[in-house]
There are 2 protein chains.
Amino acid sequence: MKRSQITLKDLAKELDLSASTISRALGNHPAISEATTKLVQKKAEELGFTPNSIASSFRKKKTQSIGIIVPRIDIYFHSLVISGIEDYAYKKGYNVSIFQSKDSLKREQEITKILQNKMVEGLIVCLTIETDTYDHFKKFKRLGIPLVFYDRVPKDQDVNSIIINDFEASYKATEHLIEKGCKRIAHIAGNQFTPIFKARYEGYKAALQKHHIKQDPNLIGFTKNLNYEEGVLQAKHFLQQASIPDGIFCANDYTAVSALQVFKKAGIDIPEDTAIIGFSNYPISQVIEPHITTVNDRAFTMGKEAAKLCIRLIEDEQESVKETISIQTELIIRESTLRGHLN
Amino acid sequence: MKRSQITLKDLAKELDLSASTISRALGNHPAISEATTKLVQKKAEELGFTPNSIASSFRKKKTQSIGIIVPRIDIYFHSLVISGIEDYAYKKGYNVSIFQSKDSLKREQEITKILQNKMVEGLIVCLTIETDTYDHFKKFKRLGIPLVFYDRVPKDQDVNSIIINDFEASYKATEHLIEKGCKRIAHIAGNQFTPIFKARYEGYKAALQKHHIKQDPNLIGFTKNLNYEEGVLQAKHFLQQASIPDGIFCANDYTAVSALQVFKKAGIDIPEDTAIIGFSNYPISQVIEPHITTVNDRAFTMGKEAAKLCIRLIEDEQESVKETISIQTELIIRESTLRGHLN
DNA sequence: CTGAAAGCGCTTACAG
DNA sequence: CTGAAAGCGCTTACAG
């Protein structure tokens, strides 16, 4: 399609004023008289003129835009984070450009190449599951483009990051099971090369230890992707034990749903025989019956905080110390752990 | 943060060549000798130079970026569409900027204001539920920025749009219930001011008529937002009828889950007593038990087609006739309608 | 095959 | 309070 466009110069000619004045009037510059400002803005409105923001960005070296790299947009967690980012960024006058790494390191590297000197002033990233090298992010430091990581963040690197307190949250979730009288507590764990899933496992272990419950290796089910099918497998494995678990802490809600369904189908009462806790507060956790107790990971808040930090770094000219913001989670208690409260 | 940047001129000086040559070499212009091209590219690599793409965009009047306006990013359907858009756009070298209208017409109007002369070459939009006026989209026509609508599209307007065959899909879903022997078929309907939900209701009615089943107004449950709670209400209402429905076609999966749970709790067997069909193929439909038969609305494909059309319109200079692309849906048959097949 | 020059549409320091 | 001028970093038509 062809585009025709009125420029600032056209407006200037039309009003017999200089381009400088037009530019200032449009920006409500205080030096311009109110009369002139009004006149210019009225005419601009009339002619449907809006300044070419590419030219403006170019001139000011500011694009007011933030890049986001996520593994996939259609994972609920990420869609919530993006929503939180967009919401905050919008209020601050920034727009967001989104890229999906598809959990491929190669694609992540490609994207960073595209993004350098592209039109973003800051970058918010959740690493792919494969990422074990961070060289491709170094260029942003050189270019003065601030980087904020969330959820999956670089290991042992001095970076800005937004994370949740996985260890603590898992500790508390496990403790909740203990308080509800569970003595044999199982755990469905995620990939232990991913720090967040490792932290969840550690939190679980620490709670058991604190309460002098000894671990049973048969009650730890390691998975690769924490998906529904893997959860089903692990839950079935738990059922084969001589003494089945009376509590299960799952590292996400998908596997909690698996465990719940497998156990229910085996005639086990949830929560009376076995209590179940998930992680992430996915919508399904409050729809499946019984509703599942879970950890609210506050993904929207995470996105908001990421955007806040990113924009602060963009606007604060000095390179500041790297920051790590830990989002407080909350345990949402629902039927799946309310033992003795249901008939 | 401060940014320091090497420019094309710096490179030119370094190599004792003109900026023109550098520019051409970097772009693999055929007129430049292979030796020079290689030399320039090597030096660029060495100095970590990449052309300032804002300057380039400004000069070429091409930003290679597409704007998206969705009601909310964290609605699964939209996250899938966005994913489809990003995926296709990425392959074509475009990036996508996302805005959430939050289903507010006012915010939608605000966003279009920001977007005009912003950095997008095309725009993909799903209207807010409130949108009943389209004036705020007219400016894009004037600016030569192609518009593609999806899902919720303007009524009675000559626009580019990507939709699914709601009528047909609903007709077939209802017919599927009839084939499974259902005689009293209920419908949980969406907002009838929204064309897609009206079409689903119409499809349902048409199928009944075709098969000489007369409608019972007591078996039509109208809702405003098709959410879980509304579904529960409508399902309870159906249960109060002297003769309860033996089939329910729900305009989305949320309300299908409501109906399934309410009926199950009332001791009604799904699918033997009552078969249930949803719409959209949300993840929950294949997790809840029994798994729910539903219509796959192929949201990812929808996004892909939207991006494809949008990019074609951007790159085809001539204003073409408006297009409407209808995505073919498919009925995914699961346990909730497999009567006589389960124990 | 390479270069000099103009210019994209703004913004802003400088001058008055 | 307003204007003339320079310039942001590229690209490209024109010339050789």
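Residues numbered from 1 in each chain as written. Chains lettered and ligands numbered in written order. Predicted model: local features only at pLDDT ≥ 70, side-chain atom pairs only at ≥ 80, totals over all residues. Heavy atoms only, no water.

### Focus: the overall build of chain A
Along chain A, the regular secondary structure elements total 12 helices and 12 strands. Against the 2.2 N^0.38 benchmark of 20 Å for 343 residues, chain A shows a C-alpha radius of gyration of 26 Å, more extended than a compact globule. With the C-alpha coordinates aligned to their principal axes, the bounding extent of chain A is approximately 90 × 45 × 40 Å. In chain A, buried positions account for 57% of the 343 residues. (Helix = DSSP H or I, 4+ residues; strand = E, 2+ residues; numbered from the N terminus. Rg over C-alpha atoms; globule rule 2.2 N^0.38 Å. Buried < 20%, exposed > 50% of the residue type's maximum accessible area, 1.4 Å probe, protein only.)

### Some words on the packing of aromatic side chains
Two aromatic rings are characterised by how far apart their centres lie and by the angle between their planes. Residues and elements named next belong to chain A. If you walk through the whole model with that rule in mind, you get 17 aromatic pairs over all chains. An angle of 20° between the planes, with centres 6.3 Å apart, marks the rings of Y201 and Y204 as stacked. With Y201 and Y204 both in helix 9 (residues 195-210), this residue pair falls 3 residues apart, about one helical turn. The class of Y204 is buried, set by a relative accessible area of 0%. What links up through ring pairs into an aromatic cluster is the set Y76, Y254 and Y282. Between the NZ or CZ atom of K205 and the centre of the ring of Y201, over which it lies, the distance is 4.4 Å. (Phe/Tyr/Trp six-rings, centres within 6.5 Å; stacked < 30°, edge-to-face > 60°. Lys NZ or Arg CZ within 6 Å of the ring centre and 35° of its normal.)

### What to know about the sheet that holds strand 2 (residues 95-100) of chain A
Overall, mixed pairing links the 12 strands, which are arranged 11(A)-5(A)-4(A)-3(A)-1(A)-2(A)-2(B)-1(B)-3(B)-4(B)-5(B)-11(B) in an open sheet. Pairing within the sheet leaves two strands with one partner each, and these edge strands are strand 11 (324-327) of chain A together with strand 11 (324-327) of chain B. Strand-to-strand twist in this sheet, taken as the mean axis angle between neighbours without regard to direction, amounts to 20°. Relative to strand 2 (residues 95-100) of chain B, helix 5 (residues 76-91) of chain A is tilted by about 75°, and along the sheet it contacts strand 1 (65-70), strand 2, strand 3 (122-125) and strand 4 (147-150) of chain A together with strand 2 of chain B. (Pairing = 2+ DSSP bridges. Axes fitted to C-alpha atoms, helices over the stretch in contact; angles between N-to-C directions. Contact = heavy atoms within 4.5 Å.)

### Quick notes on the domain arrangement of chain A
Partitioning chain A into domains gives domain 1 (8-55), domain 2 (63-164 + 299-327) and domain 3 (166-297 + 331-342). Each of domain 1 of chain A and domain 2 of chain A was reduced to a C-alpha centroid, and the two centroids are 36 Å apart. (Domains from an automatic or database assignment.)

### Thoughts on the pairing of strand 2 of chain B
Residue and element names in this part refer to chain B. Among the 6 residues that make up strand 2, 6 are buried, leaving the element largely enclosed by the rest of the structure. Bridging between strand 1 (residues 65-70) and strand 2 involves 6 bridges; their strand directions are parallel. Each bridged residue has a counterpart across the sheet, and for I68 the counterpart in strand 2 is I98. Once the chain exits strand 1 it traverses helix 5 (residues 76-91) before rejoining the sheet at strand 2, and the crossover so formed is right-handed. (Right-handed = clockwise from strand over helix to strand, strands pointing away.)

### Quick word on the interface of chain A and chain B
Taken together, the contact between chain A and chain B spans 61 residues of the former and 61 residues of the latter. Where chain A abuts chain B, roughly 5900 Å² becomes buried across the two surfaces, and 51% of that area is made up of carbon and sulfur atoms. Where chain A touches chain B, the interface holds 8 salt bridges. For K102(A), the salt bridge goes to D87(B), with nearest N and O atoms at 2.3 Å. (Buried area = accessible area lost by both parts, 1.4 Å probe. Salt bridge = Lys/Arg side-chain N within 4 Å of Asp/Glu carboxyl O.)

### Some words on unusual backbone geometry
I270(A) connects to P271(A) through a cis peptide bond whose omega is 10°. Mapping P271(A) onto the fold places it in the loop between helix 11 (253-265) and strand 9 (275-277). For Q64(B), which is not glycine, the phi torsion reads 55° and is therefore positive. By the secondary structure assignment, Q64(B) is in the loop between helix 4 (53-60) and strand 1.

### Section: helix 2 (residues 19-26) of chain B
Residue and element names in this part refer to chain B. For helix 2, the full list of buried residues reads T21, I22 and A25. Considered in projection along helix 2, the buried side chains sweep an arc of 100° and stay on one side of the axis. Two residues or fewer past helix 2, N28 is found with a positive phi of approximately 55°. (Arc of directions from axis to C-beta.)

### Comments concerning the pattern of salt bridges
All names here are of chain A. What the rule picks out here adds up to 36 salt bridges over all chains. For R152, the salt bridge identified is with D103, shortest N-O distance 2.7 Å. Of this pair, R152 sits in the loop between strand 4 and strand 5 (160-164) while D103 sits in the loop between strand 2 and helix 6 (105-115); the two residues are 49 residues apart in sequence, bridging distant segments of the chain. Residue classification places R152 among the buried positions, given a relative accessible area of 15%. According to the relative accessible area criterion, D103 is partly exposed, its value standing at 23%. Among the ionic pairs, E323 bridges to R312, the shortest N-O distance being 2.5 Å. Taken together, the residues span a long stretch of sequence, with E323 in the loop between helix 12 (299-315) and strand 11 and R312 in helix 12 at a distance of 11 residues.

### Looking at the packing of helix 2 of chain B against helix 3 (residues 34-47) of chain B
All names here are of chain B. It is at 9 Å that the axes of helix 2 and helix 3 come closest, and there the two elements cross at 90°. In terms of orientation, helix 2 and helix 3 fall into the roughly perpendicular class. Where helix 2 approaches helix 3, its residues T21, I22, A25 and L26 are matched on the opposing element by T36, T37, V40, Q41 and A44. (Parallel < 35°, antiparallel > 145°, perpendicular 65-115°, else oblique.)

### A short note on the protein's contact with DNA strand C
Taken together, 26 residues sit near DNA strand C, with S23(A), R24(A), R59(A), T21(B) and R24(B) positioned nearest. Within 4 Å of the protein, the contacting atoms of DNA strand C are 58% sugar and phosphate, with bases supplying the remainder. N52(A) places a polar main-chain atom, nitrogen or oxygen, 3.3 Å from a phosphate oxygen of DNA strand C. Between DNA strand C and the protein, one listed contact pairs a phosphate oxygen with a side-chain N or O atom of T21(B) at 2.5 Å. (Near = heavy atom within 4 Å. Polar contact = N/O pair within 3.5 Å; in protein donor to acceptor, adjacent residues only side chain to side chain.)

### Observations regarding the relation of the copies chain A and chain B
Structural alignment of chain A on chain B gives an RMSD of 0.1 Å, achieved by rotating through 180° and translating 0.1 Å along the axis. Interpreted geometrically, this transformation is the action of a two-fold axis. Closest approach to the rotation axis among the C-alpha atoms of chain A is made by S97(A), whose C-alpha sits 2.1 Å away. Both copies share a contact surface, since 100% of the interface residues of chain A are interface residues in chain B too. (Least-squares fit on C-alpha atoms with pLDDT ≥ 70 in both.)

### Re the protein's contact with DNA strand D
In the vicinity of DNA strand D, 26 residues are found, and the nearest of them are T21(A), R24(A), S23(B), R24(B) and R59(B). Of what DNA strand D places within 4 Å of the protein, 57% of the atoms are sugar or phosphate. One nitrogen or oxygen atom from the side chain of T36(A) is found 2.8 Å from a phosphate oxygen belonging to DNA strand D. Within the contact set of DNA strand D, a base oxygen lies 3.4 Å away from a side-chain nitrogen or oxygen of S20(B). At the level of elements, helix 2 (19-26) and helix 4 (53-60) of chain A together with helix 2 and helix 4 of chain B are the ones that each hand at least two residues to the surface near DNA strand D. Broken down by element, the residue count for the surface near DNA strand D peaks at 5 residues, all from helix 4 of chain B.

### As for the environment of L127(B)
Residue and element names in this part refer to chain B. Structurally, the position occupied by L127 is in the loop between strand 3 (122-125) and helix 7 (138-143). Classification of L127 as buried rests on a relative accessible area of 2%. C-alpha of L127 to C-alpha of E179: the two residues are 52 residues apart in sequence and 36 Å apart in space.

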